[in-house]
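# Working through the structure, step by step
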Amino acid sequence: MEKRTFAIITDSASDLPAGYYSEHDIGCLRLGFQMNGVGYEGEDGREIGFKEFYDTLRAGAMPTTYQVTAEVAKPHFEKYLEEGKDLLVLAFSSGLSGTEGSYRVAAKELKEKYPDREIAVVDSLCASLGQGLFVDYVVKKADSGASLKETADYAEDLKQHICHYFTVEDLFHLKRGGRVSAATAVVGTMLGIKPVLRVDEEGHLVPASRSKAMGRKKSVQALVRYMEELADIGPDDPIFISHGDCPEDAGYLKGLVEAKFPGHEFVINYIGPVIGTHSGAGTLALFFKGKHR
């Protein structure tokens with residue numbers, strides 16, 4: 001492996017396993033949330049485990065999330081610039097958060113102070129382990145010896161090939177966040193409809209075509225059908241799955257995918273609280289490289 005010639009930063013919306021960031025020498029800024037009057041995560045919030053978060057969510061809590069501000073981002077960026085390193089920032093989708101805009105403001109201000117340093121901000125248009133998968137590909141590119149520009153150009157092309165397909169157990173949280181209408185949520189809940197959604201080319205959550213799968217098992221099977229249609233993966237390409245405290249369903253999905261795409265590395269992890277606030281408990285998501293989104 002070549003020595004990386006620049007630093008890489010992403011954020012906690014990528015939902016990668018905790019050890020990934022240190023193992024791959026990546027900085028990670030943390031988004032935060034408020035729940036029952038308490039601040040969690042972010043720069044100085046309380047820590048909370050996945051199980052505790054989802055148990056509290058199931059009990060009726062209605063958390064609210066907040067983005068990383070430019071003022072919070074600047075010292076994280078500057079640490080690398082002071083060391084004489086250029087910087088690549090891989091941001092949570094601008095279609096779901098203002099965090100990417102904060103990074104650009106921070107980069108512009110720091111560029112004035114460090115005119116000899118390069119700071120490239122890439123809007124991943126990704127979320128959860130879709131962002132994590134995007135980061136993983138970009139890190140591998142950087143570690144191959146690619147320059148900052150080569151890696152940033154690669155990332156800009158790659159992001160429209162990271163496919164996100166997911167299904168939710170409960171439509172309430174998507175309704176609260178404006179992702180589905182109140183009427184859709186009420187009727188869907190009454191009928192037990194588990195829609196399939198995706199992240200589109202602009203980084204927004206949207207219903208997938210043929211999205212109204214009836215029942216949990218059929219909706220999980222639908223995720224795999226979308227992958228069969230769109231996947232563009234070789235033997236070394238990983239497949240990522242994230243879940244909102246439903247590990248058995250994640251295992252079921254992995255088995256279905258392995259039957260169609262054997263021999264691939266899988267990463268399975270919880271959907272973190274910032275994404276989970278908007279998707280709810282029981283969400284199940286599949287991420288892979290595709291011909292297009």
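Here goes a summary of the coordinates provided. Numbering of residues starts from 1 in every chain and runs along the sequence as written. Thresholds applied to this predicted model are a pLDDT of at least 70 for local features of residues and 80 or more for the giving and counting of side-chain atom pairs; totals over whole chains, interfaces and linings are not thresholded and use all residues. Only heavy atoms go into the side-chain values, all of them from the structure, while hydrogens and water stay out.

### Points about the overall build of the protein chain
Note the threshold: A run of DSSP states H or I qualifies as a helix once it reaches four residues; a run of E qualifies as a strand once it reaches two. Both are numbered from the N-terminal end. With the radius of gyration taken over C-alpha atoms, the globule rule is written as 2.2 Å times the number of residues to the power 0.38. The buried label applies to any residue whose accessible area, calculated with a 1.4 Å probe on protein chains only, is under 20% of its type's maximum; exposed applies above 50%, and partly exposed to all values in between. Working rule for contacts: check all heavy atoms of both residues, and any pair within 4.5 Å makes them a contact.
Each helix and strand counted, the protein chain has 11 helices and 13 strands in total. Relative to its length of 293 residues, the protein chain is compact, with a C-alpha radius of gyration of 19 Å against a globular reference of 19 Å. Its C-alpha atoms put the protein chain at 60 × 45 × 30 Å along the principal axes. A total of 293 residues make up the protein chain; the buried ones form 55% of that total. Taking as baseline every contact in the protein chain between residues at least 6 positions apart, the subset at least 24 positions apart corresponds to 75%.

### Concerning the nonpolar core
The condition is simple: Definition used in this section: a nonpolar core is a set of buried Ala, Val, Leu, Ile, Met, Phe, Trp, Tyr and Cys residues joined via side-chain atoms within 4.5 Å.
If you look at the biggest cluster of nonpolar residues, it comprises 36 residues, and the most contacted ones within it are Phe-77, Leu-87, Tyr-103 and Ile-119. For this core, the secondary-structure elements that each account for two or more residues are strand E1 (7-11), strand E3 (32-35), helix H2 (50-58), helix H3 (70-82), strand E6 (87-91), helix H4 (99-113), strand E7 (119-123) and helix H11 (273-279). Apart from the residues lying within four places of it in its own chain, the contact partners of Leu-87 are Ala-7, Ile-8, Ile-9, Phe-77, Tyr-80, Glu-118, Ile-119, Ala-120 and Leu-148. By size, the runner-up hydrophobic cluster in this structure holds 33 residues, among which are Cys-126, Leu-148, Phe-166 and Ala-285.

### Regarding the pairing of strand E13 (residues 284-289)
It is a general feature of regular strands that their side chains alternate between the two faces of the sheet. Applied cut-off: By definition, two strands form a pair when at least two bridges between them are found by DSSP.
Within E13, 6 of the 6 residues are buried, which leaves it mostly tucked inside the rest of the structure. Alternating positions in E13 separate into two faces, Leu-284, Leu-286 and Phe-288 on one and Ala-285, Phe-287 and Lys-289 on the other, with burial throughout. In terms of strand pairing, strand E11 (residues 239-243) meets E13 through 4 bridges, oriented antiparallel. Opposite Ser-242, over in E13, you have Ala-285 as the bridge partner.

### A look at the sheet that holds E7
This is how it is decided: A fitted line through C-alpha atoms represents every axis, and for helices the fit uses only the stretch in contact; the resulting angles, taken between N-to-C directions, go from 0 to 180 degrees.
In space, the 4 strands of this open sheet follow the order E2-E1-E6-E7, with parallel pairing throughout. Pairing within the sheet leaves two strands with one partner each, and these edge strands are strand E2 (27-29) and E7. Strand-to-strand twist across the sheet, computed as the mean angle between neighbouring axes with direction ignored, equals 20°. The pairing of E1 with E2 spans 3 bridges and is classified as parallel. Residue pairing in the sheet places Ile-9 in a bridge with Gly-27 of E2. Most of the contacts of helix H5 (residues 128-143) go to E6, to which it runs at about 160°, and overall it touches E1, E6 and E7.

### Here's the deal with the environment of Glu-229
By secondary structure assignment, the location of Glu-229 is in helix H9 (residues 216-230). For the pair Glu-229 and Gly-290, spaced 61 residues apart in sequence, the C-alpha to C-alpha distance is 8.8 Å.

### With respect to the pairing of strand E8 (residues 162-167)
Buried residues dominate E8, accounting for 6 of its 6 residues. Burial along E8 is two-sided: Ile-162, His-164 and Phe-166 facing one way and Cys-163, Tyr-165 and Thr-167 facing the other are all buried. With 6 bridges connecting them, E8 and E13 associate as antiparallel partners. Looking at E13, one finds that Ile-162 is bridged to Lys-289. Across 3 bridges, E8 lies against strand E9 (residues 196-199) in antiparallel orientation. Following the sheet pairing, Phe-166 is matched in E9 by Leu-197.

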